[in-house]
Amino acid sequence: MKALFKVIKEGVYASYQDSGRPGYRKFGMPVAGPMDKYAFQMGNKIVSNSPNSLALELFLGGLSLEVLDTHKLVISGADLEATLDGNPVELWTSFLVIKGQILSFNSPSKGSIAYIIPQGGFFADEVMNSSSAYPRADIGYVLKPNMILYGRDTSYTNKRSRLIPSLIPTYENDVTVNVWGSPHVALFETSSIDTFFNSIYTYKAGNRMGYYLDGPELKFVSRGDILSEATQFGTIQITNNGQPVVLMADAHTVGGYATMGKIVDEDLWKISQLRSGGKIRFQWRE
């Protein structure tokens with residue numbers, strides 16, 4: 001391994017993420033992994049990494065890194081106005097960073113989450129076959145000032161590679177997502193089911209565990225508490241105040257709120273990349 005970066009400013013929230021730790025949910029351990037799996041996977045593909053290579057996931061910007069060694073990398077996902085020594089960096093395209101340069105991320109222009117992926121991936125200790133950070137269990141690394149980020153000592157060339165334009169997603173702050181229905185829908189008043197699928201909800205606040213939405217109040221036939229049962233990335237819980245919470249990549253393994261459904265996997269990136277104030281419409285998956 002080799003030292004690649006020194007953290008000058010840690011940004012809003014940045015953490016190491018690989019594809020997560022599936023297989024441990026029965027022990028109460030969330031999967032974690034990337035919030036935007038498509039951006040993560042395509043970024044790794046651009047620099048010819050293995051699909052599980054470790055990336056740095058960054059929310060909203062504010063990060064500054066000093067380059068400690070020349071290396072090839074790619075930035076995929078949201079446009080967080082990345083610059084190298086003050087010059088704009090092209091997304092979804094590999095490029096070289098040279099020792100002594102400064103890689104910075106400012107504020108989100110489109111989307112909210114970006115991935116910094118060096119060729120060969122970052123290097124960090126594994127817990128349960130994964131280096132993904134899960135701070136609630138004191139697992140993995142969340143960036144702090146002066147931290148040294150290590151990568152794998154792989155060979156690289158000056159040749160650039162990029163994702164073809166037709167495969168680059170467009171990040172909107174007004175999205176429609178498809179939902180698989182939940183067996184709990186009978187716990188809601190019929191009018192509330194109609195309301196949920198015919199209203200606009202606003203992303204109010206959240207983190208890697210869950211996104212809190214605001215919109216028309218949903219009402220239960222009696223009450224919304226259930227015996228705890230399995231949840232996952234994309235589960236839509238309805239809390240006792242009648243508002244939805246979409247569980248995200250660090251979703252707890254079980255929950256006791258009635259659910260309206262689960263967002264289909266191929267639409268999860270749309271939710272993940274929303275910024276505060278983003279609009280969401282839900283529709284049944286046919």
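Keep in mind that this is a model prediction, so the values were computed, not measured. (Residues numbered from 1 in each chain as written. Predicted model: local features only at pLDDT ≥ 70, side-chain atom pairs only at ≥ 80, totals over all residues. Heavy atoms only, no water.)

### Some remarks on the pairing of strand β10 (residues 110–118)
Most of β10 is tucked away, with eight of its nine residues classed as buried. Of the pairings in the sheet, the one linking strand β3 (residues 55–59) to β10 comprises four bridges and is antiparallel in character. In the sheet register, Glu57 faces β10, and the bridge partner there is Tyr115. The pairing of strand β5 (residues 71–79) with β10 spans six bridges and is antiparallel. Each bridged residue has a counterpart across the sheet, and for Ser76 the counterpart in β10 is Tyr115. (Buried < 20%, exposed > 50% of the residue type's maximum accessible area, 1.4 Å probe, protein only. Helix = DSSP H or I, 4+ residues; strand = E, 2+ residues; numbered from the N terminus. Pairing = 2+ DSSP bridges.)

### With respect to the sheet that holds strand β7 (residues 87–88)
Strands sit in the order β7-β6-β9-β4-β1-β12-β11 across an open sheet of seven strands; the sheet is antiparallel. This sheet does not close on itself; its edge strands, each paired only once, are β7 and β11 (122–123). Pairing analysis gives three bridges linking strand β4 (residues 63–67) to strand β9 (residues 102–105), with the strands arranged antiparallel. By the bridge assignment, Leu65 is partnered in β9 with Leu103.

### Thoughts on the environment of Ser161
As for its placement among the helices and strands, Ser161 is situated in the loop between β12 (148–151) and β13 (174–181). With 42 residues separating them along the chain, Ser161 and Gln119 place their C-alpha atoms 12 Å apart. What Ser161 contacts, discounting residues up to four positions off in sequence, is Ile46, Trp92, Thr93 and Ser94. Engagement of the side chain of Ser161 in a polar contact is seen with the backbone oxygen of Ile46, the distance being 2.6 Å. (Contact = heavy atoms within 4.5 Å. Polar contact = N/O pair within 3.5 Å; in protein donor to acceptor, adjacent residues only side chain to side chain.)

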